[in-house]
Amino acid sequence: MTTPRVTLFVNRSREKGCVCVLPSNMEDLLNIASQKLNIDAKKLYSEKGALVGEIEVIRDNDVLYVSAGEAFFESKTNRKEPSRTCHNGAFRQRALVSHDWAGPSQTDWISVNVGGKLFTTTRSTLVTKEPESMLARMFDDESTSLWSHARDEMGAYLIDRSPLYFEPILNFLRHGRLILNQGVNPEGVLEEAKFFGIFSLVELLEEIIKNAEPIGDGTPLTRREFVRILIATPSNRELRMQGINFSGADLSKLDLRYINFKQANFHNADLSGANLASSSLERADLSKAVLEGANLQGVKMVCANLEGASMRGCNFEDPTGLRANMEGCNMKGVDLECSQMGGVNLRVATLKNASLQNCNLRGAILAGTDLENCNLTGCDLQDANLRGANVKGATFEEMLTPIHMSQSVR
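Residues numbered from 1 in each chain as written. Predicted model: local features only at pLDDT ≥ 70, side-chain atom pairs only at ≥ 80, totals over all residues. Heavy atoms only, no water.

Peer 1: Honestly, the packing of aromatic side chains in this entry has me stumped. Any pointers?
Peer 2: Within a pair of aromatic rings, the relevant descriptors are the distance that separates the centres and the angle that separates the planes. The final tally for this structure, using the stated rule, is 10 aromatic pairs. Their ring planes at 55° and their centres at 6.3 Å tell us that Phe226 and Phe261 sit as a pair that is tilted. With Phe226 in helix α7 (residues 223-232) and Phe261 in the segment after α7, this residue pair connects regions lying 35 residues apart in the sequence. Both residues of the pair, Phe226 and Phe261, belong to the buried class. Taken together, the ring pairs connect Phe119, Phe166, Phe195 and Phe196 into an aromatic cluster. Taking NZ or CZ as reference, Lys129 lies 5.1 Å from the ring centre of Phe172, over its face. (Phe/Tyr/Trp six-rings, centres within 6.5 Å; stacked < 30°, edge-to-face > 60°. Helix = DSSP H or I, 4+ residues; strand = E, 2+ residues; numbered from the N terminus. Buried < 20%, exposed > 50% of the residue type's maximum accessible area, 1.4 Å probe, protein only. Lys NZ or Arg CZ within 6 Å of the ring centre and 35° of its normal.)

Take a look at the structure:
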């Protein structure tokens, strides 16, 4: 009489299996399956998915699927042929996969562990929008078996990529919109999108990065173009706009803090109400620009050209004590009426014919400054340094504090 035997496979796959003698009870058969297949065997299924509960129903040469408690996955033979597709010169190789199961439905929930951070989403989110992407191939119904071994202790699929850049990709697959949180570099998201094969997102990110690059052909930059650059630049990244042409641009009320504008052209530009705190405008051309009500705390304007600019009501005073540096500026004919300029450095600057009426210049450095014909009516010059300043024809009426001899005007 022939000894009955059975073939055992791990649920989901027929790639690894074993043949064993059929024991006399179910407990022994599950123990054999656990040892041979390196799995905590708890359930047995027939080829058609029926749960096997008694040893007596098993026949000689039966094929059984061993489960660690999960549901049965219907078996079928399916083999994908390799293919190559090309996008912008970058080739993607689809893996040659041989497996014998059809996975769960598209509405199943999936957890993925990306670089140590857990994300939970549906299978359809990962595979529907970009069905030809590598990410879709990883999690479609026919491929998930490949990842059965790559899981953490909670059962989440392990992916060794950056979670910071994966999150906007997952959100894009969910609702079709690209949203980059503050501090997320679009170039990092672009690299991940290329890796996962999300090529509709690649095109979108490349356009954003392209628009973020300053125009270098001398063409004046518009407000719309510059706002796009501001939005696309992470807050922790220095924005360099040296030598860029902003002539005639409307940049009013924009947050322009800490931006490098060295040698930029702002001729006739509207910067009223803009926040230029701690920005660098060294040797920039701001002639006839409008900066009324602008915040200029800690600004660096060494040797900048501000001739004919309107700067009424500007604030140069920084509560932390950081001084605005306007040394050597050309400020001929500038209107600075009612500006707060305490502590500002205007050493050897030219303010000929300028209006500083009712300005607060307490502690300002005006050593060697040309104040010829300057209107200083109603100014507060307490503790200001006027050594060597040219005040020929300057008006000092209605001064809040008298000028002391120690301040040494000429």
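Peer 1: Can you walk me through the environment of Ile110 in this structure?
Peer 2: Following the sequence through the fold, Ile110 ends up in strand β10 (residues 109-114). Each C-alpha atom, one on Ile110 and one on Ser124, is 9.7 Å from the other, the two residues being 14 residues apart in sequence. Ile110 has contacts with Phe119, Thr120, Thr121, Arg123, Leu126, Phe139 and Tyr157, leaving out every residue within four places of it along the chain. (Contact = heavy atoms within 4.5 Å.)

Peer 1: What should I look at first to understand the confidence of the model for the protein in this one?
Peer 2: Any segment with low pLDDT has predicted coordinates that should not be analysed in fine detail. A residue-level look at the protein finds 83% of positions with pLDDT of 70 or above and a mean pLDDT of 83. Here residues 75-106 is a poorly scored stretch, pLDDT under 50, and it has 78 contacts once near neighbours within four places are set aside; other chains count. (pLDDT = per-residue confidence, 0-100.)

Peer 1: Sorry, what's going on with the layout of surface pockets here?
Peer 2: Think of a ball as big as a water molecule: rolled over the atoms, this probe shows where empty space is left. Computed from the structure, the largest pocket encloses a volume of approximately 750 Å³. Taken together, 26 residues form the lining of the largest pocket, with Leu230, Ile231, Ala232, Thr233 and Pro234 sitting closest to its centre. Here the residues of the lining of the largest pocket sort into 15 nonpolar, 6 polar and 5 charged. (1 Å grid on protein atoms, 1.4 Å probe; cavity = no way out; pocket = protein on both sides within 12 Å on 5 of 7 lines; lining within 4 Å. Points joined across faces, edges and corners; volume = space filled by probe spheres on them. Nonpolar A, V, L, I, M, F, W, Y, C, P; charged D, E, K, R; others polar.)

Peer 1: Sorry if this is basic, but what is going on with the sheet that holds strand β2 (residues 17-21) here?
Peer 2: Where strands meet in a sheet, backbone hydrogen bonds hold them as pairs that are either parallel or antiparallel. As summarised here, the arrangement of the 5 strands in space is β2-β1-β5-β3-β4, forming an open sheet in which the pairing is mixed. Single-partner strands in this sheet number two, and they are β2 and β4 (51-52). As paired strands, strand β3 (residues 43-45) and β4 are joined by 2 bridges and run antiparallel to one another. When the bridges of β4 are listed, Leu44 appears paired with Val52. (Pairing = 2+ DSSP bridges.)

Peer 1: Help me understand helix α1 (residues 26-37) in this model?
Peer 2: Residues spaced three or four apart along an α-helix face the same direction, because each turn holds 3.6 residues. Along its 12 residues, α1 runs 16 Å from first to last C-alpha, staying within 8% of the 16 Å computed at 1.5 Å per residue. Those residues of α1 that sit buried are Met26, Leu29, Leu30, Ala33 and Leu37. All buried residues of α1 fall inside an arc of 100° around its axis, so they share one side. α1 presents Glu27 and Gln35 as exposed residues on the side facing more than 90 degrees away from its buried surface. Looking at the buried side of α1, the elements it contacts are β1 (5-10), β2, β3, β4 and β5 (62-67). (Expected span 1.5 Å × (residues − 1). Arc of directions from axis to C-beta.)

Peer 1: Could you clarify how one ought to interpret helix α5 (residues 186-196) in this entry?
Peer 2: The set of residues buried in α5 consists of Pro186, Gly188, Val189, Leu190, Glu192, Ala193 and Phe196. For α5, the side-chain oxygen to backbone nitrogen distance between the N-cap and Glu187 is 2.9 Å, and the N-cap itself is Asn185. (Polar contact = N/O pair within 3.5 Å; in protein donor to acceptor, adjacent residues only side chain to side chain.)

Peer 1: Would you explain the pattern of salt bridges in this entry?
Peer 2: Two side chains of opposite charge can pair, provided their charged atoms sit close to one another. One pass over the full model with this rule turns up 10 salt bridges. Here Glu238 and Arg240 are joined by a salt bridge, their closest N and O atoms 3.3 Å apart. Close ionic contact of Arg257 with Asp255 constitutes a salt bridge, the shortest N to O distance being 2.7 Å. Residue Arg257 is classed as partly exposed on the basis of its relative accessible area of 39%. Judged by its relative accessible area of 41%, Asp255 is partly exposed. Through salt bridges with shared partners, one network takes in Arg312, Asp335 and Glu337. (Salt bridge = Lys/Arg side-chain N within 4 Å of Asp/Glu carboxyl O.)

Peer 1: What is the right way to read the pairing of β10 from this model?
Peer 2: Each regular strand shows side chains that alternate between the opposite faces of the sheet. Where β10 lies against strand β11 (residues 117-122), 6 bridges are found, and the strand directions are antiparallel. Opposite Ile110, over in β11, you have Thr121 as the bridge partner. Between β10 and β11, which follow one another and run antiparallel, lie 2 residues, and Gly115 among them has a positive phi close to 60°. Where β10 lies against strand β12 (residues 157-159), 3 bridges are found, and the strand directions are parallel. Looking at β12, one finds that Val112 is bridged to Tyr157.

Peer 1: Is there a simple way to think about the sheet that holds β12 in this case?
Peer 2: Overall, mixed pairing links the 3 strands, which are arranged β11-β10-β12 in an open sheet. Bordering the open sheet on either side are β11 and β12, each of which pairs with just one other strand. Direction aside, the axes of adjacent strands within the sheet are offset by 30° on average. Packed onto the sheet, helix α4 (residues 163-175) meets β10 and β11 and runs at close to 10° relative to β11. (Axes fitted to C-alpha atoms, helices over the stretch in contact; angles between N-to-C directions.)

Peer 1: What is the right way to look at the packing of α4 against α5 in this model?
Peer 2: Relative orientation and spacing of two packed helices are given, respectively, by the angle between their axes and the distance between those axes. In contact at an axis separation of 9 Å, α4 and α5 are set at 65° when each is read in the N-to-C sense. In terms of their interaxial angle, α4 and α5 are classed as roughly perpendicular. Helix-helix and strand crossings are classified by hand; for α4 and α5 the assignment is right-handed. Counting all contacts with α4, which are made through Tyr165, Phe166, Pro168 and Ile169, the residues of α5 involved are Gly188, Val189, Glu192, Ala193 and Phe196. Broken down by class, the residue content of the contact of α4 with α5 amounts to 7 nonpolar, 1 polar and 1 charged. (Parallel < 35°, antiparallel > 145°, perpendicular 65-115°, else oblique. Left-handed = near helix turned anticlockwise from the far one by under 90°.)

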